[in-house]
Amino acid sequence: MSNLESILAFASDIAKQAGNMIVEMRAGSQLNHSYKDGIELVTNSDIAADTLITDAIRNQFPQHQILAEESNPDLSTIEHSDTPLWVIDPIDGTVNYAHHHHQVAISIAYVIKGKIQVAVVYNPFLSELFSAIRQKGAWLNDQPIRCSHTTEMKRAIVATGFPYDKSTQLTQLMARLQSILENCADVRRLGSAALDICWVALGRLDAYYETVSPWDCAAGWLIAKEAGARCGYFIEPVPPNTHELHSEHLLVCTPALYEPLKRILHDAQL
Ligand code: IPD
Ligand code: CA
Ligand code: CA
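All values reported here derive from a predicted model rather than from experimental measurement.

Another aspect to go through is the overall build of the protein. Along its length, the protein carries 7 helices and 14 strands. Reported as C-alpha extents along the three principal axes, the dimensions of the protein are approximately 50 × 40 × 35 Å. Counting every position in the protein, which comprises 270 residues, the buried fraction comes to 54%. Here the contacts in the protein between residues at least 6 apart in sequence split such that 63% fall between residues at least 24 apart. Accessible area of the protein: about 12000 Å², with a carbon and sulfur share of 50%. Computing the positive centroid from 20 side-chain charges and the negative centroid from 31, the protein places the two 7 Å apart.

Below, the structure written as structure tokens:
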């Protein structure tokens, strides 16, 4: 087994452990809700999953860095990524989770010098494990996956999401959404950025765009890339943010639609 294969086996194992735990906690009605900054929902399962994953990594790889949404969301951690960096979203789709929906995932990425090497996104409610190793491919439960072959905008199903805080930027968000609705077949708001990106990788969706945080998209990014999707930005980042963990104005889609979608999202700027 190569080094990256053993990292993938380790990451898959802890994602499954965390996934089983959050399924059991929800089934056992053990959820407490609170709100970060008064608006962003977080449950005790988010904290418990974060603890399980980060403890396992610290135990196995005490020298590695960790960027994790609940326990260390400090983005400056990315700047010190000369040592391997783990990027963790312990529950992506917390609102879905708390409302007993199934679109929920554990997202784990392993990064070296700003480049994502290994990725795992696990939906424990559907038993779907998406994974990838850089330059080796992407898989759903061990089967190789490819993105869709859609070439016509009017046939494209496009996913997006909206920030918790809607007090600013709403007009801008609506302008982009309107432009997508005018040009594409339809829109989905499924509630988990990590799974939206994996669903583009699998061809269940043709495209995804949104501004998120690195832990939402890091693992999905590699999975989509390895499945043949094009990963980039509808507004190009400016240095020093030109690393793979940059997460603003993301656009992930089947290759033929990348340039036309980039143009309409960019032109929808107010
Ligand atoms: C959220 C989900 C959602 C996206 C939000 C994210 P969370 O993550 O990925 O789809 O629209 O921007 O914050 O809070 O459930 O981990
Ligand atoms: Ca998230
Ligand atoms: Ca989360």
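Partitioning the protein into structural domains gives domain 1 (3-144) and domain 2 (153-267). Taking the mean C-alpha position of each, domain 1 and domain 2 sit 20 Å from one another. If you look at the interface, domain 1 gives 43 residues, while domain 2 gives 26 residues. Summed over both partners, the interface of domain 1 with domain 2 comes to about 2700 Å²; 70% of that surface belongs to carbon and sulfur atoms. Summed over the three residues of domain 1 that lose the most area to domain 2, namely Q103, I116 and F130, the buried surface amounts to 22% of that side. With a shortest N-O distance of 2.9 Å, R134 and E244 are connected by a salt bridge.

Coordination of the calcium ion (ligand 2) by the protein comes from D89 (OD), D92 (OD) and D216 (OD), over a distance range of 2.0 to 2.2 Å. When the donor residues of the calcium ion (ligand 2) are listed from N- to C-terminus, their spacing reads D-x2-D-x123-D.

Mapped onto the secondary structure, S192 falls in the loop between β11 (186-188) and α5 (193-202). Along the sequence, S192 and G161 sit 31 residues apart, while their C-alpha atoms lie 8.1 Å from each other. Those residues in contact with S192 that sit more than four places away from it in its chain are D92, G93, N96, Q103 and A105. Among the polar contacts made by the side chain of S192, one reaches the side chain of D92 at a distance of 2.7 Å.

Where charged atoms from two side chains of opposite charge approach closely, those side chains can pair. By the definition in use, this model includes 9 salt bridges. Residue E40 pairs with K36 through a salt bridge whose shortest N-O separation is 3.7 Å. We classify E40 as partly exposed; its relative accessible area is 22%. On the basis of relative accessible area, K36 is assigned to the partly exposed category, the value being 24%. Across the pair E70 and K36 runs a salt bridge, and its minimum N-O distance is 3.1 Å. Of this pair, E70 sits in the loop between β3 (65-68) and β4 (85-92) while K36 sits in strand β1 (residues 33-36), and the two are 34 residues apart along the sequence. The structure contains a network of salt bridges with shared partners spanning K36, E40, E69 and E70.

We now examine α5. The buried count for α5 comes to 9 of 10 residues, which makes it a mostly enclosed element. Just past α5, the residue G203 takes up positive phi, approximately 85°.

Rules behind the numbers
- Sequence order as written defines the numbering, with residues in each chain counted from 1.
- The lettering of chains begins at A and the numbering of ligands begins at 1, in the order of writing.
- Residues qualify for local features only when their pLDDT is at least 70, as the model is predicted, and side-chain atom pairs are given and counted only at 80 or more; totals for whole chains, interfaces and linings, by contrast, use all residues.
- By convention in this description, side-chain values take in all heavy atoms of the structure and omit both hydrogens and water.
- Numbered from the N terminus, helices here are DSSP runs of H or I no shorter than four residues, and strands are runs of E no shorter than two.
- Throughout, exposure labels follow a simple rule: accessible area from a 1.4 Å probe, protein chains only, divided by the maximum for the residue type, with under 20% read as buried, over 50% as exposed, and the rest as partly exposed.
- When checking whether two residues touch, look at their non-hydrogen atoms; a contact exists if any pair is within 4.5 Å.
- We get accessible surface area from the Shrake-Rupley algorithm with a probe of 1.4 Å; when it comes to residues, only the shown protein chains can shield them.
- This count recognises Lys and Arg as positive and Asp and Glu as negative, with His and chain-terminal groups excluded.
- All charge positions are set by atom: Lys at NZ, Arg at CZ, Asp at CG, Glu at CD.
- Residue ranges for the domains trace back to a domain assignment, done automatically or taken from a database.
- A quick way to say it: buried area is the sum, across both parts, of accessible area lost when two parts are put together, with a 1.4 Å probe.
- Whenever a carboxyl oxygen of Asp or Glu lies within 4 Å of a side-chain nitrogen of Lys or Arg, that contact is scored as a salt bridge.
- Donor criterion used throughout: N, O or S atom within 2.8 Å of the metal, extended to 3.2 Å for Na, K and Ca. Water excluded; incomplete-looking sites may result.
- Any pair of nitrogen or oxygen atoms within 3.5 Å is treated as a polar contact; in protein, a donor-acceptor pairing is required on top of that, and neighbouring residues in sequence qualify only through side-chain atoms on both sides.

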